[in-house]
Amino acid sequence: MRISRNEFMFSVSFTLDFLEMGIRSNITNHNKRVSLISIRIGKAMGLDEESIFDLAAYAILHDNGITHKTFNAISENGVDRLEKSLSHCITGEMNLETFPFIKKRENIIKYHHERYDGQGYFGIEGCDIPLFSRIITLADRVEIEYRMRTDREEILSNIAGDTGTLFSPDVCEAFKEISGNTSFWLSLDDMFISHEMKRELPKFDIEMDLRDLLAISCILCNIIDAKSPFTGTHTKGIARIACKMAGYFGFDEERKTKLIIAANLHDLGKIVVPNAIIDKNGKLTKDEFAIMKSHTYYTRKALESVKGLEDVVEWAANHHEKLDGSGYPYGFARESLSFESQLLACVDIFQALTENRPYRESLGIEKVRGIMMDMAGRGYINGDIASHVIEHCRDENQNIF
Ligand SMILES: [Fe+2]
Ligand SMILES: [Fe+2]
Ligand SMILES: [Fe+2]
Ligand SMILES: [Fe+2]
């Protein structure tokens with residue numbers, strides 16, 4: 001399987017911007033902008049192409065540790081306090097342990113809010129802070145200032161005022177050089193940011209293999225599950241059951257890995273759905289359900305531009321389609337739904353019924369069988385596949401039956 005690094009990196013950037021939009025509703029494209037500013041600073045500092053590519057990736061991922069939980073804990077004083085929370089630096093660093101960067105570097109995310117004068121969270125000072133972290137620290141602040149102010153001179157003077165205390169002088173020097181150009185500021189606009197990033201990101205023909213992709217999908221799976229305390233193990237549970245069923249149905253290694261990746265990514269679009277809806281302790285209103293239903297559409301949109309990933313996208317994004325065409329978001333019917341899509345739909349329902357939800361406890365196996373067979377009888381899901389999932393995976397969740 002051949003997946004372009006560049007294309008996948010864009011998918012990840014869309015996903016993380018969705019996440020940030022979901023958590024901090026008025027913010028768009030924060031990660032992409034931080035990445036573009038970092039790329040430009042890196043180029044001005046003479047970094048080589050491989051380093052620029054990794055710097056862009058670290059910048060896209062810099063706030064991956066921000067979760068709904070972090071947000072709840074510190075949101076009283078708004079966005080700035082969220083950015084400064086120590087926990088997202090530590091969680092974010094840990095999340096990326098297996099991310100396939102071209103060259104792995106330590107502590108970039110951990111120190112992305114560290115102060116140059118050594119007065120930061122970890123007391124690391126000056127050039128002991130990794131260069132990538134120092135670049136991202138400044139890019140992050142420039143991005144926040146860009147959204148808050150229209151006066152560019154004021155932004156430059158604010159940054160200059162913090163040079164040597166918050167920010168590294170050599171990084172500030174590079175920023176000064178690039179920010180004098182009008183196009184620098186125009187390119188940060190929501191309208192242009194994606195296009196500009198595509199243009200500036202070094203093109204690599206390096207392709208990722210399935211193992212790289214699996215590692216990234218596991219990271220995204222953790223981020224998705226961290227969104228809600230009530231569905232905190234949903235994605236991992238689905239991936240585990242999908243793996244088991246792939247073995248049961250005799251999938252070869254590639255097909256099995258692709259199914260696990262699809263399972264890891266199936267609810268990626270839930271990142272956009274507000275937690276007030278996901279965690280609601282009661283029946284969703286018509287409007288809330290309409291928003292909830294958008295999540296599989298977002299799953300598809302985040303992934304569909306990646307060439308080579310077509311199967312995975314289909315299997316992941318079709319898990320709420322029904323065989324009689326009454327599902328969502330497209331209303332695909334049986335003939336358009338592959339065996340894998342039908343299998344993942346059954347696995348999703350099985351896992352959902354056997355885990356605790358805000359509005360009910362997990363259900364016992366006989367109740368689960370009753371519900372799933374009823375759905376099969378109505379023509380929603382494949383009854384044969386559903387029976388195999390129930391029989392073969394009944395012990396998977398035995399602790400809760
Ligand atoms: Fe941050
Ligand atoms: Fe940030
Ligand atoms: Fe879903
Ligand atoms: Fe799901």
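Residues numbered from 1 in each chain as written. Chains lettered and ligands numbered in written order. Predicted model: local features only at pLDDT ≥ 70, side-chain atom pairs only at ≥ 80, totals over all residues. Heavy atoms only, no water.

## Thoughts on the coordination of the iron ion (ligand 3)
Note the following rule: The donor set comprises N, O and S atoms within 2.8 Å of the metal, extended to 3.2 Å for Na, K and Ca; water molecules are omitted, so apparent gaps in a site may simply reflect that omission. Every angle between 85 and 135 degrees makes a four-donor site tetrahedral, while opposite donors more than 155 degrees apart, with all other angles between 65 and 115, make a four-donor site square planar and a six-donor site octahedral; other sites are irregular. Secondary structure elements follow DSSP: runs of H or I no shorter than four residues count as helices, runs of E no shorter than two count as strands, and numbering proceeds from the N terminus. Only protein chains enter the calculation, and the probe is 1.4 Å; a residue is then buried if its accessible area is under 20% of its type maximum, exposed if over 50%, and partly exposed in between.
Protein-derived coordination of the iron ion (ligand 3) comes from Asp267 (OD), His295 (NE2), His319 (NE2) and His320 (NE2), at a distance range of 2.2 to 2.3 Å. If you look at the iron ion (ligand 3), its 4 donor atoms make angles of 85 to 169 degrees with each other, and the shape they trace is irregular. In the primary sequence, the donor residues of the iron ion (ligand 3) line up as D-x27-H-x23-H-H. The metal-metal distance between the iron ion (ligand 3) and the iron ion (ligand 4) is 3.4 Å, with Asp267 serving as a donor to both. A residue pair is termed long-range when its members are at least 10 positions apart, and Asp267 in the loop between helix H14 (253-265) and helix H15 (275-278) and His295 in helix H17 (residues 295-303) qualify at 28 residues. Asp267 gets classed as buried once you look at its relative accessible area, which sits at 2%. Judged by its relative accessible area of 1%, His295 is buried.

## Comments concerning the environment of Ile277
Formally: Contact criterion: two residues are considered in contact whenever any of their non-hydrogen atoms come within 4.5 Å of each other.
Counting through the fold element by element, Ile277 comes out in helix H15. Distance from Ile277 to Ile291, taken between C-alpha atoms, is 8.4 Å for residues 14 residues apart in sequence. Beyond its immediate sequence surroundings of up to four residues, Ile277 is in contact with Leu284, Glu288, Ile291 and Met292.

## Some thoughts on the domain arrangement of the chain
Operational definition: These domain boundaries are the output of an automatic or database domain assignment. Buried area is a sum: the accessible area each of two parts loses on coming together, probed at 1.4 Å, counted once for each and added. Salt bridges are defined as contacts in which a side-chain nitrogen from Lys or Arg sits within 4 Å of a carboxyl oxygen from Asp or Glu. Polar contact is defined as a pair of N or O atoms within 3.5 Å, subject to the rule that within protein one atom must be able to donate a hydrogen and the other to accept it, and that residues adjacent in sequence are counted only when both atoms are side-chain atoms. In this classification, the charged set is Asp, Glu, Lys and Arg, the nonpolar set is Ala, Val, Leu, Ile, Met, Phe, Trp, Tyr, Cys and Pro, and all remaining amino acids, among them Gly, are polar.
Taken domain by domain, the chain comprises domain 1 (3-207) and domain 2 (209-400). Put simply, the middle of domain 1 and the middle of domain 2, counted by C-alpha atoms, are 32 Å apart. Listed per partner, the contact involves 20 residues of domain 1 and 23 residues of domain 2. For the pair domain 1 and domain 2, the two sides together bury roughly 2100 Å², of which 73% comes from carbon and sulfur. Where domain 1 packs against domain 2, one counts 0 salt bridges. The interface formed by domain 1 and domain 2 holds 0 residue pairs in polar contact (both at pLDDT 80 or more) in total. It is helix H1 (residues 5-23) that provides the largest number of residues to the side of domain 1 that touches domain 2, a total of 10 residues. Taken together, the residues that form the side of domain 1 that touches domain 2 break down as 9 nonpolar, 8 polar and 3 charged.

## Some points on the environment of Arg255
Inspection of the secondary structure assignment puts Arg255 in helix H14. You can call Arg255 partly exposed: its relative accessible area is 30%. Between the alpha carbons of Arg255 and Val312 there is a distance of 9.5 Å; along the sequence they are 57 residues apart. For Arg255, the contacting residues outside a window of four places in its chain are Trp315, Phe339 and Glu340.

## Let's talk about the packing of helix H7 (residues 131-148) against helix H8 (residues 152-161)
Cut-off, in case you're wondering: To obtain each axis, a line is fitted to C-alpha atoms, and for helices this fit is confined to the stretch in contact; angles are then taken between N-to-C directions over 0 to 180 degrees. It is the rotation of the near helix from the far one that decides the hand of a crossing: anticlockwise by less than a right angle makes it left-handed, clockwise makes it right-handed.
Relative orientation of the contacting elements H7 and H8 amounts to 150 degrees, with a least axis distance of 10 Å. Seen along the crossing, H7 lies across H8 with a hand that is right-handed. Here Leu138, Arg141, Val142, Glu145 and Tyr146 of H7 come into contact with H8, specifically with Arg152, Ile155, Asn158 and Ile159. For the contact of H7 with H8, a count of residues per class yields 5 nonpolar, 1 polar and 3 charged.

## So, the environment of Asn158
Tracing the backbone shows Asn158 in helix H8. With a relative accessible area of 22%, Asn158 lands in the partly exposed category. For the pair Asn158 and Glu177, spaced 19 residues apart in sequence, the C-alpha to C-alpha distance is 16 Å. Contacts of Asn158, omitting those with residues within four sequence positions, involve Arg141, Glu145 and Arg149.

## Some remarks on the packing of aromatic side chains
A ring pair, where both rings are aromatic, is described by two values, the distance of the centres and the angle of the planes. Stated formally: Aromatic pairing here means that ring centres of Phe, Tyr or Trp (its six-membered ring) are within 6.5 Å. Orientation follows from the plane angle: under 30 degrees is stacked, over 60 is edge-to-face, and everything else is tilted. The criterion is that NZ of a Lys, or CZ of an Arg, lies within 6 Å of the ring centre and within 35 degrees of the ring normal, and then a charge sits over that ring.
The final tally for this structure, using the stated rule, is 15 aromatic pairs. Summarising the aromatic geometry, the rings of Phe99 and Phe101 are spaced 4.6 Å apart at their centres and angled 40 degrees between planes, so their arrangement reads as tilted. Taken individually, Phe99 and Phe101 each receive the classification buried, so the pair is uniform in this respect. Here the aromatic rings of Tyr297 and Tyr330 are separated by 6.3 Å at their centres, their planes lie at 40 degrees, and the arrangement is tilted. One end of the pair, Tyr297, is in helix H17; the other, Tyr330, is in the loop between helix H18 (310-317) and helix H19 (339-353), with 33 residues separating them in the sequence. A connected cluster of aromatic rings, assembled from ring pairs, spans Tyr58, Phe99, Phe101 and Phe132. Note that Arg255 overlies the ring of Phe251, its terminal NZ or CZ placed 3.7 Å from the centroid. The lysine or arginine in question, Lys322, covers the ring of Tyr380, its NZ or CZ lying 4.4 Å from the ring centre.

## Observations regarding the side chain of Ser51
Relative to the helices and strands, Ser51 is located in helix H3 (residues 49-60). A residue is classified by how much of its surface remains accessible, and Ser51, at 11% relative accessible area, is buried. With residues up to four places along the chain from it excluded, the contact list for Ser51 reads Arg105 and Phe132.

## Details of helix H21 (residues 383-393)
Within an α-helix, residues lying three or four positions from one another point in the same direction, as the helix has 3.6 residues per turn. The test is simple: Think of the arc as the fan of directions from the helix axis to the C-beta atoms.
Buried within H21 we find Ile385, Ala386, Val389, Ile390 and Cys393. On an axial view of H21, the arc spanned by its buried residues comes to 135 degrees, and they lie on one face. On its buried face, H21 is in contact with helix H13 (234-248), H19 and helix H20 (365-377). Between a side-chain oxygen at the N-terminus of H21 and the backbone nitrogen of Asp384 the separation is 3.0 Å; the capping residue is Asn382.

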